Amino acid sequence: MKKFSEIVKEYEERENRIVSPVPDIPIDADAGLNDEQAAALKTLQSGTDCFLSGSAGSGKSFVLRRFIAGRSEQSVLVTAPTKIAAHHLRGKTLHSVFSVPYEEDGILTPQDCAFDDARWEALSQGVKYQRIHDCDTVIIDEISMVRADVFKWVVSYLRAEEARTGHHIQLILCGDFLQVPPVICTEDKEAWRRSYPDNPDGFVFLSPEWRDLNIQTVEIRQNMRQKDKEHAEALEQIRCGDPNGEGRKWIQAHSAREPIANVSTLCATKEEVDCINNAELDKLPGDSVDFETYIPEPAKLRERKMLVGRVLRLKPGAPVITLVNDREGRFHNGSRGVVVSIDPDKDIVRVRMDETGQVIDILPYEWRTYTQFPLALAWALTVHKAQGMTCKAVNIYARRAWEAGQIYVSLSRGQEICSMYIDGDLSLLNFEPNPSVVEFYEREARKAEKLAKANAAS
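Predicted model only: the values in this text are computed from it and were never measured.

Focus on the sheet that holds strand 6 (residues 216-220)
The strand order across the open sheet formed by six strands is 3-2-4-5-1-6, and the pairing between neighbours is parallel. In the strand order of this sheet, the two ends are held by strand 3 (92-93) and strand 6, each with one partner. Against the sheet, helix 2 (residues 35-45) makes contact with strand 1 (50-54), strand 5 (170-175) and strand 6, and its axis sits at roughly 160 degrees relative to strand 6, the strand it touches most. Across the sheet, helix 16 (residues 435-457) lies against strand 1, strand 5 and strand 6, angled at about 95 degrees from strand 6, the strand it touches most.

So, the sheet that holds strand 10 (residues 319-322)
Taken in spatial order, the five strands make up an open sheet running 13-12-11-10-16, and their pairing is antiparallel. Two strands in the sheet have a free side with no partner beyond their single neighbour: strand 13 (359-362) and strand 16 (375-377). Recorded for the sheet is a direction-independent mean angle of 45 degrees between the axes of neighbouring strands. Inspection of the sheet shows strand 10 paired to strand 16 by three bridges, in the antiparallel sense. Among the inter-strand pairings, Ile321 is bridged to a residue of strand 16, identified as Ala376.

Describing the nonpolar core
The biggest cluster of nonpolar side chains holds 54 residues, and the ones touching the most others in it are Ile251, Leu314, Val349, Leu375 and Leu411. Every residue in contact with Ile251, bar those within four places of it in the chain, is listed here: His231, Ala234, Leu235, Ile238, Leu411, Ile417, Met420, Ile422 and Leu426. Membership of the second largest hydrophobic core comes to 39 residues, among which are Val97, Phe115, Ile140 and Phe205.

Quick word on helix 13 (residues 270-283)
Compared with the 20 Å implied by 1.5 Å per residue over 14 residues, the 20 Å span of helix 13 between its first and last C-alpha is a close match. Along helix 13, the positions that sit buried rather than exposed are Glu272, Val273, Ile276, Asn277 and Leu281. The buried side chains of helix 13 occupy one side of the element, clustering within an arc of 165 degrees when seen end-on. Elements in contact with the buried residues of helix 13: strand 7 (265-267), strand 9 (311-314), strand 16, strand 17 (380-382) and strand 18 (394-397).

Calculation notes
Residues numbered from 1 in each chain as written. Predicted model: local features only at pLDDT ≥ 70, side-chain atom pairs only at ≥ 80, totals over all residues. Heavy atoms only, no water. Pairing = 2+ DSSP bridges. Helix = DSSP H or I, 4+ residues; strand = E, 2+ residues; numbered from the N terminus. Contact = heavy atoms within 4.5 Å. Axes fitted to C-alpha atoms, helices over the stretch in contact; angles between N-to-C directions. Core = buried A, V, L, I, M, F, W, Y, C linked by side-chain atoms within 4.5 Å. Buried < 20%, exposed > 50% of the residue type's maximum accessible area, 1.4 Å probe, protein only. Expected span 1.5 Å × (residues − 1). Arc of directions from axis to C-beta.

See below:
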């Protein structure tokens, strides 16, 4: 039987292979930017509302870090739709920063996003509001995952701030709409169609807010993550739909033949994630401790909206991810750690947090309609949670992917093709990009060409 210290060491080694560290960029460091990145940085620094786009690994986050490094700490507020994505730029989740209501009961309607005097009075108080009031620029990274109703809430907030205080805030959006799209649950689709009939897929670029802001698109294309030219070209083919299948053939032919030990696994569905996590948990010594989620009114609960399952299984040595922000600031939504001990009689799970090394007691958390420890096993993650990650090695379960962005994001996380294992035949999967996204990028390319000609003529 393995000792706990051995389990912890293995987990640390696995974590070191999963996500590359966030590089520190000196404030006065201009070196390292290619021509595309330098031009993009200049646009960001102009103060205009803009969208920084490009393929996975093109250096979008690098440009953002250069922009942030040249500003004061208070002047830039960094956000992202998930904690893992926010972590890469040392930011916070969009929902947390802007107090976006969690849509446990469905979508946010346009009426929900109306900022009347009473709502503004409630929101314009405390530390959260002060941080927004003090900043000059808000960055939203991984904008492709942000749903149009959440974007409407954020823009409404910024407009209310400007209307009531005269304080204008620049908005910088970053991401790639050919990657993971926003999610509209099946049970919400009818309500979504009623509230947003002109935007069936929930993309922010189809929202009136995007149009009214007159957002300028800046695209960078050179791949900086995958050093192998053929690897980068195959990924770009897949990003754009891979109509002849050549990109898929190259990736499949050059990837690892067997699953890679002690690395994270990316899956298309939560069911696959649960299956892998439970199987890995069973490999740890001893019996699991099972905590049943307390649901006082099950008839009113929408299980697909729950952040936890009906039962949470844990063992000492299990890697976990936290699902909420701690009121004491010891962890955030998306923080990772490893279970040290479990005391079911006192309802305490002790977790050593990866970032701080601190061992903390985690207690059950009460959501509006259920109560459970705010933890999930973390051997496997959904592709949605992996957006923004750079993996040194990764296993990818591709069989149940249902749209092109999921597969592209999965395949583009890895730096080296030999350190990526793919479970599934890529030739059987659908790689056709969303037509609305293709049309958006074609339109933005025409606008950029027209602007370049005008600048050359002047």
